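Chain and residue survey
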Amino acid sequence: MITVEQATEYVAQYASPNVPQSVPLEDALNQFLAEDIFSDLDVPSNDQSLVDGYAVRAADFSQRVHREKGVACSVQLEVVEEVTAGNVPAFRVESGRAVRVMTGVRVPDGADAVVMVEESSWQQEAGLPLGVAHFNTCEVVAGQNIMPRATSVRYGQLVLSCGKRIRPAEIAVLAQVGRTDVRVFRRPRVAVLPTGNELIDGGFVPGPGKIRNTNGPMLAACGKQLDADVLDLGIGRDEPEQLRNLIERGLSADVLVLSGGVSAGTLDLVPAVLEELKVRQVFHKVNMKPGKPLWFGVGNGNKDNANNDDRSTLVFGLPGNPVSSFVCFHLFVRPAIRRLSGQAAGEVGVPKCSALLAQPFEVAADRTTYHPARIDWSETGPTLTPVLWHGSGDSRGLVDANALAIFPEGTGYYEAGQRIFCHPLD
Ligand code: AMP
Ligand code: MG
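A brief look at the structure comes next. The structure presented is a predicted model; accordingly, all values stated were derived computationally and were not measured.

A word on the pattern of salt bridges. Tallied over the full model, the rule gives 14 salt bridges. A salt bridge links Arg-244 to Glu-241, with the shortest nitrogen-to-oxygen separation between them at 2.9 Å. Here Glu-241 and Arg-244 lie together in helix H5 (residues 240-250), a separation of three residues that amounts to about one turn. With its nearest N and O atoms 3.1 Å apart, the salt bridge here joins Asp-366 to Lys-289. In this pair, Asp-366 sits in the loop between strand E23 (361-362) and strand E24 (368-378) while Lys-289 sits in strand E19 (residues 288-289), placing the two residues 77 residues apart along the sequence. A relative accessible area of 24% places Lys-289 in the partly exposed class.

Written as structure tokens, this is what we have:
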């Protein structure tokens, strides 16, 4: 049986980014850039005031200081102009003069510092239409409160790289460099098909032998959380003809996620039907708990010629038990969807961190176990508490968890305080 690492490697070999397409900036959130972005301007475009205040010559302060003991220093400068946001200075600042500037405006020629308005007071004076500013500070150094031109971004500079996820911060930078649309990788289409004769839809009370379909809604939600376009195929029965029809529809997607029907039961028909439909098996069964029966293969191509985008379909047959399905989605389907979405290959790995075990813990050591756990972020570092969980059928236990604790094969007993690896879930 292959290991989780080997299975991860196999999936990665078959997952590559979808074709790029152009979208309006307002639709680009959470998608992945399919182009490098360069700046079309300097930011700021000029030496810029960082505060509301007075643009001055620093030398006027060192020369005019009254340094007598006990006397507060005071400097007075004639105000020759006021520059508000959206306007540019018309005058040069000569010695003995100041220009009132607002945050963000260009610093006038001749000035080399800006003094905050809070460190001054203003007085009217006959013959001087804009009055006189009195400063109650002498600590003025050249460059203060000025952001030099192009400090943040230089014209032609690479500001965002292909493969980067577009968050609100990236939207800000794209807007800043003038982009109203942007090339991103097409969002993956993910078809979801839970299978099983025991399954009924959520709106009904289960009769004898029946259970509500929880995997369908859960896996659709997992796909939506990754910003995929989800195609809900309804419930597949353990019956070859109907299963074949539904799987055929699912093969039009980039990713087909099935649940159930991949173990050793007499009605576990999924691998055989997939084979019939020329979906080539890459692996079946992974040495992990829960999730051992996982099946992965590659379909023929989803023939989406409208997008000139004829790709193969990645097919995941997840085990039927809900937590098995969840864990397999998180470990294998999620990185595949991320890669199709355009995330850089080196970055699609499932996030992993370590934490100190909050209490002693025992597991069966036969396979690497992914146990739902709660990670608590304290000031002294994260701790990990495995939640009360009754195995792969216990979805309720998963609700208390925000991580999957990883207990490697071979070790059965763990002490409190031991460092454990885990995958944070949110
Ligand atoms: P299977 O892998 O088809 O043998 O399914 C194993 C077990 O998982 C079944 O006995 C069900 O209890 C459970 N199961 C399968 N599919 C679902 C589903 N869609 N929702 C909830 N439980 C399921
Ligand atoms: Mg079944």
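A separate point is the site of ligand 1. Around ligand 1, the surrounding shell holds 17 residues, and the nearest of these are Asn-213, Thr-214, Gly-261, Gly-320 and Asn-321. In the environment of ligand 1, an oxygen atom lies 2.8 Å from a nitrogen or oxygen atom belonging to the backbone of Gly-261. Notes on ligand 1: free accessible area 480 Å², of which the protein chains cover 75%. Classifying every residue of the shell around ligand 1 by side-chain character gives four nonpolar, ten polar and three charged.

We now examine the packing of aromatic side chains. Within the structure shown, the criterion is met by eight aromatic pairs. On the basis of an interplanar angle of 90 degrees and a centroid distance of 5.5 Å, the ring pair of Tyr-54 and Phe-135 is categorised as edge-to-face. You can see Tyr-54 sitting in strand E4 (residues 53-56) and its partner Phe-135 sitting in strand E9 (residues 128-135), a full 81 residues away along the chain. Between the aromatic rings of Phe-283 and Phe-296, the centroid separation amounts to 5.5 Å while the plane-to-plane angle is 35 degrees, which identifies the pairing as tilted. Here Phe-283, found in strand E18 (residues 280-284), pairs with Phe-296, found in strand E20 (residues 295-298); they are 13 residues apart in sequence, far enough to count as distant. Residue Phe-283 shares its accessibility class with Phe-296, and that shared class is buried. An aromatic cluster of three or more residues is present, and its members are Tyr-10, Tyr-14, Phe-283, Phe-296 and Phe-316. The lysine or arginine in question, Lys-352, covers the ring of Phe-421, its NZ or CZ lying 5.1 Å from the ring centre.

Cut-off values and rules
Residues numbered from 1 in each chain as written. Chains lettered and ligands numbered in written order. Predicted model: local features only at pLDDT ≥ 70, side-chain atom pairs only at ≥ 80, totals over all residues. Heavy atoms only, no water. Salt bridge = Lys/Arg side-chain N within 4 Å of Asp/Glu carboxyl O. Helix = DSSP H or I, 4+ residues; strand = E, 2+ residues; numbered from the N terminus. Buried < 20%, exposed > 50% of the residue type's maximum accessible area, 1.4 Å probe, protein only. Near = heavy atom within 4 Å. Polar contact = N/O pair within 3.5 Å; in protein donor to acceptor, adjacent residues only side chain to side chain. Areas by Shrake-Rupley, 256 points an atom, 1.4 Å probe, with all protein chains shown as cover. Nonpolar A, V, L, I, M, F, W, Y, C, P; charged D, E, K, R; others polar. Phe/Tyr/Trp six-rings, centres within 6.5 Å; stacked < 30°, edge-to-face > 60°. Lys NZ or Arg CZ within 6 Å of the ring centre and 35° of its normal.

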